[in-house]
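Structural overview
Spelled out from the first residue to the last, the chains are:
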Amino acid sequence: MGKAARYDFDTVVDRRGTWCVQWDGVADRFGVDGLLPFTISDMDFETAPEVLSALRDRLGHGVLGYTTWQQDDFRSAVAHWYATRYGTGIDTGRLVYGPSVLSQVSQLLQMWTDEGDAVVVHTPTYDGFRKVVTGLGRELRGVPLGDTEALDRELARPGAKVLVLCSPHNPTGRVWTETELRETAALATRHGVAVISDEIHADFVHEGHTHIPWPRVAGDGRWAVVTSASKSFNFPALTGSYGLIGDPADHTEFLRRIETAEGLASPAVLSLTAHIAAYREGAPWLDAVREYAAGNLALVAKRLNGAFPELGWEPPQAGYLAWIDVRPLDVDDEALQEALIEREKVAIMPGAVYGAPGFLRLNVGCPRSKAEAGVAALVRAVRTVRAVRPRTPR
């Protein structure tokens, strides 16, 4: 019996009318209400029962006053997770806390760069990075994923101050090897570039691959890790994230900015509660939901490759986001989106959002029935576009 059999991931939970970005906010991005969404990277599952139980107990206390993350229950839970999940010891004195991963990235960029400085990212790029970097008036510089020579050149260019590393990578699901990460750390140190490692997808690495936390490879360079349990345990609505900062002076300055300049000294108590329960008791549920998501990804591979063998699509190494290169199908991006939205009534993220036209990002963190509906709609949409495509004159 597989791990997923211990939990019910097949039952559909109706998220409509719950102020849900993926379901209720679909018209904001796609211009049409009522689409079946496969978009923003949260899951359609209830979070782990251990987390829900802890939240109910905390609400049962009845007092929801100001609180602090700087206490042993939270710190020791994070240390326990790193030790048991990744075989990595951490210095809990390096911990920081913030409302979200992107808010931490923003604070670190403001600490380590000035307006006009360059921030290097891998392409394709999570759109949240682009918004934060350009919104702060910094220059965004992209390097192709896996191109070490291009990374070396960009880090060496004048003005490059920070590398924002997505580990594992969003949107592709790429898991960096320890060798690749050590090489990246060496390049960053050589060129005097700080590294911000966003590791929010780390807990969703699939069998056959291993996530290496940045502190294990960081060396002597300036660095920070930003992450949260909210992605893997599906409670982003509670807000809350944490990080590790290598340099003691940077750690002190970050806390000053968050707690004094930003007035965020008191975190959401339910987020702390959820993190502690997830890291202390939630591992079996996480293993099960990851196995279930892997089954959904295998379904996508079977259906896509059965319909279009030329794709040769393989599931990602991490996550529940299917990053699909549709360029071998020779279909127009706009025509495909029109067929998906107008004909099939589904919302699937176009690759152009991440700077990669010709790709799609399909979220299958959902019951299998929904994943089946999504991939079936995609197959039909591609066939529709191909059927009406003008023939190339011979």
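Scroll up a little and you will see the structure.
Please read these numbers as outputs of a predicted model, since none were measured by experiment. (Residues numbered from 1 in each chain as written. Predicted model: local features only at pLDDT ≥ 70, side-chain atom pairs only at ≥ 80, totals over all residues. Heavy atoms only, no water.)

Our next topic: helix H4 (residues 72-86). A rise of 1.5 Å per residue sets the reference length of H4, with its 15 residues, at 21 Å; its end C-alpha atoms lie 20 Å apart and thus fit the reference within 8%. The complete set of buried residues in H4 reads Phe74, Ser76, Ala77, Val78, Trp81, Tyr82 and Tyr86. Contact partners of the buried residues in H4: strand E2 (95-98), strand E7 (223-227), strand E8 (241-245), helix H10 (269-281) and helix H11 (283-307). Where H4 starts, the residue carrying a side-chain oxygen 3.0 Å from the main-chain nitrogen of Asp73 turns out to be Gln71. Gly87 sits one or two positions beyond H4 and adopts a positive phi of about 60°. (Helix = DSSP H or I, 4+ residues; strand = E, 2+ residues; numbered from the N terminus. Expected span 1.5 Å × (residues − 1). Buried < 20%, exposed > 50% of the residue type's maximum accessible area, 1.4 Å probe, protein only. Contact = heavy atoms within 4.5 Å. Polar contact = N/O pair within 3.5 Å; in protein donor to acceptor, adjacent residues only side chain to side chain.)

With that settled, consider the environment of Trp323. Summarising the element assignment, Trp323 is placed in strand E9 (residues 321-325). Excluding its chain neighbours within four sequence positions, the residues that come into contact with Trp323 are Pro124, Pro171, Thr172, Trp313, Gly351, Tyr354, Ala356, Phe359, Leu360 and Arg361.

This model, assessed by the stated rule, comprises 18 aromatic pairs. Site record: aromatic cluster; members linked through ring pairs are Tyr7, Phe9, Phe45, Trp69, Phe74, Trp81, Tyr97, Phe233, Tyr242, Tyr279, Trp285 and Tyr292. Stacked on the ring of Phe38, the Lys or Arg Lys370 has its end atom at 4.9 Å from the ring centre. (Phe/Tyr/Trp six-rings, centres within 6.5 Å; stacked < 30°, edge-to-face > 60°. Lys NZ or Arg CZ within 6 Å of the ring centre and 35° of its normal.)

Before going further, it helps to examine the pattern of salt bridges. Two side chains bearing opposite charge may form a pair once their charged atoms approach each other closely. Taken as a whole and assessed by the stated rule, the structure comprises 22 salt bridges. Across the pair Arg257 and Glu253 runs a salt bridge whose closest N-O atoms are separated by 2.9 Å. Of this pair, Arg257 and Glu253 both sit in helix H9 (residues 248-261), 4 residues apart, which is roughly one turn of that helix. Of the residues examined, Glu253 reaches a relative accessible area of 24% and is grouped as partly exposed. Residues Glu344 and Arg380 are paired through a salt bridge, measuring 2.8 Å at the closest nitrogen-oxygen approach. (Salt bridge = Lys/Arg side-chain N within 4 Å of Asp/Glu carboxyl O.)

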